[in-house]
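# Descriptive analysis of the structure
If you want the building blocks of each chain, they are given just below.
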Amino acid sequence: MRVGASRTLTLSLSANLSLSLSLNLGWPKLKAKMMEQADDKRRRLITALRTAVDKVLADVAANRDRPVEIEEDGTGRGSRAKALCTVVEQTLCHKLARESFNGVLPIWALLERIERDTDPPDQALRNSVAAVDCVPGLASPAAKLRAWVRQVLNAGVAAQCLAAVLAPAHGKLRAVFYRPGAFLLDAKAVAALGATLHDLDANVTFSLAIETDLAELNTPPFWPLIKERPQPRPSPAQQQQQQQQQQQQQ
């Protein structure tokens, strides 16, 4: 090998090593930032959940003889019930690993898998999943999830079903379906959700429409609290590294 070529190779290796070290050293900061954003979303979800529950409980206190329904009656009760369901849906779907399931929301597959694998069976979870499976016309996993949230609230078993989903025996399975930082993978967030659902089960009678509200359930959900931020474009250094990796593979 010529001296000039050797020197060029050495410089090239040094540049690649420096670039690699620079990118690797930047990863801890990037990871910390991502976790900080996840913490912020979990806090916002907990706040929104508590706010929605307080409004529903206020409706119950003012109308003790009436169940909480989705249908509008001119008082806003229906909108507040719908807002509660929407927040609960978002806690369950925060950081679901869509990319591992061809972009499809895998939440219903997770619920079916946990219901099937729970031993001994959790009757509340089994009945709620079966009830939703029997509803014709639910067109997507998201629609089934939304119907399931209404079903467990109607039956007064939301906290029990959440406990079944979060059983330690299903920890590895949840890790497959959720990305790090997910609401359901955080102990404090889960505790807040469980306590909230327990309050609802104990104090509220729900009569949330399912079969008669298919158009709403099949509408793509609007979940602003868990909307992912757009990923930043690669820096010039990252683009250079990607190009070099592609060239090496060729």
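Just so you know, these numbers come straight off a predicted model, no measurement behind them. (Residues numbered from 1 in each chain as written. Predicted model: local features only at pLDDT ≥ 70, side-chain atom pairs only at ≥ 80, totals over all residues. Heavy atoms only, no water.)

### Brief notes about the overall build of the protein
Looking only at helices and strands, the protein has ten helices and zero strands in total. Overall, the protein shows an N-to-C arrangement of helices and strands of α-α-α-α-α-α-α-α-α-α. Looking at the protein as a whole, 36% of its 250 residues are labelled buried. The contacts in the protein between residues at least 6 apart in sequence include a share of 75% that link residues at least 24 apart. (Helix = DSSP H or I, 4+ residues; strand = E, 2+ residues; numbered from the N terminus. Buried < 20%, exposed > 50% of the residue type's maximum accessible area, 1.4 Å probe, protein only. Contact = heavy atoms within 4.5 Å.)

### Comments concerning helix α8 (residues 187–203)
Side chains three or four residues apart in an α-helix point the same way, a direct result of the helix having 3.6 residues per turn. With 17 residues, α8 should reach 24 Å at 1.5 Å per residue; the first-to-last C-alpha distance of 24 Å fits that figure. Along α8, the positions that sit buried rather than exposed are Ala189, Val190, Leu193, Thr196, Leu197 and Leu200. Projected onto a plane normal to the axis of α8, the buried residues spread over an arc of 130° and lie on a single side. Within α8, the exposed residues directed more than 90 degrees away from the buried face are Ala187, Lys188 and Ala202. Near the N-terminus of α8, the side chain that reaches the backbone nitrogen of Lys188, with its oxygen 3.2 Å away, is that of Asp186. (Expected span 1.5 Å × (residues − 1). Arc of directions from axis to C-beta. Polar contact = N/O pair within 3.5 Å; in protein donor to acceptor, adjacent residues only side chain to side chain.)

### Description of the confidence of the model for the protein
Residues with a pLDDT of 70 or more make up 76% of the protein, whose mean pLDDT is 82. The low-confidence segment residues 1–23, where pLDDT is below 50, has nine contacts with residues more than four positions distant or belonging to other chains. In the model, residues 229–233 has pLDDT below 50 throughout and makes three contacts with residues more than four positions away in sequence or in other chains. (pLDDT = per-residue confidence, 0-100.)

### Brief notes about the nonpolar core
Leu84, Ile107, Leu145, Trp148, Leu184 and Phe206 are the most contacted members of the largest nonpolar core, which has 63 residues in total. Beyond its immediate stretch of four places on either side in the chain, Phe206 contacts Val56, Pro67, Val68, Leu84, Leu153, Asn154 and Leu200. (Core = buried A, V, L, I, M, F, W, Y, C linked by side-chain atoms within 4.5 Å.)

### Considering helix α3 (residues 107–117)
For α3, every residue scored as buried is listed here: Ile107, Trp108, Leu110, Leu111, Ile114 and Glu115. The arc that holds every buried residue of α3, seen down its axis, measures 160°, which confines them to one face.

### Examining the packing of α3 against helix α4 (residues 123–133)
For any two helices packed against each other, the geometry comes down to the angle between their axes and how far apart the axes lie. Between α3 and α4, whose axes approach to 10 Å, the crossing angle comes to 135°. Between α3 and α4, the interaxial angle falls into the category oblique. In this structure, α3 meets α4 at a crossing whose hand is left-handed. Here Trp108, Leu111, Glu112, Ile114 and Glu115 of α3 lie close against α4, whose contacting residues are Leu125, Arg126, Val129, Val132 and Asp133. The residue inventory of the contact of α3 with α4, partitioned by class, reads six nonpolar, no polar and four charged. (Axes fitted to C-alpha atoms, helices over the stretch in contact; angles between N-to-C directions. Parallel < 35°, antiparallel > 145°, perpendicular 65-115°, else oblique. Left-handed = near helix turned anticlockwise from the far one by under 90°. Nonpolar A, V, L, I, M, F, W, Y, C, P; charged D, E, K, R; others polar.)

### Some details on the packing of α3 against helix α5 (residues 141–155)
Close contact between α3 and α5 brings their axes to 8 Å; oriented N to C, the two are set at 60°. Taken as axis vectors, α3 and α5 run oblique relative to one another. In contact with Ile107, Trp108 and Leu111 of α3, α5 contributes Pro141, Lys144, Leu145 and Trp148. Residues of the contact of α3 with α5, tallied by class, amount to six nonpolar, no polar and one charged.

### Some remarks on unusual backbone geometry
Residue Pro120 is reached from Asp119 by a cis peptide bond, and omega for that bond is 0°. Relative to the helices and strands, Pro120 resides in the loop between α3 and α4. With a phi close to 60°, Lys95 is a non-glycine residue in the positive phi region. Counting through the fold element by element, Lys95 comes out in the loop between α2 (77–93) and α3.

### So, the pattern of salt bridges
By the definition in use, this model includes 14 salt bridges. Between Arg66 and Asp73 there is a salt bridge, and its shortest N-O distance comes to 2.7 Å. Classification of Asp73 as partly exposed rests on a relative accessible area of 32%. Ionic pairing is found between Arg77 and Asp73, a salt bridge with its closest N-O pair at 3.8 Å. Classification of Arg77 as buried rests on a relative accessible area of 5%. (Salt bridge = Lys/Arg side-chain N within 4 Å of Asp/Glu carboxyl O.)

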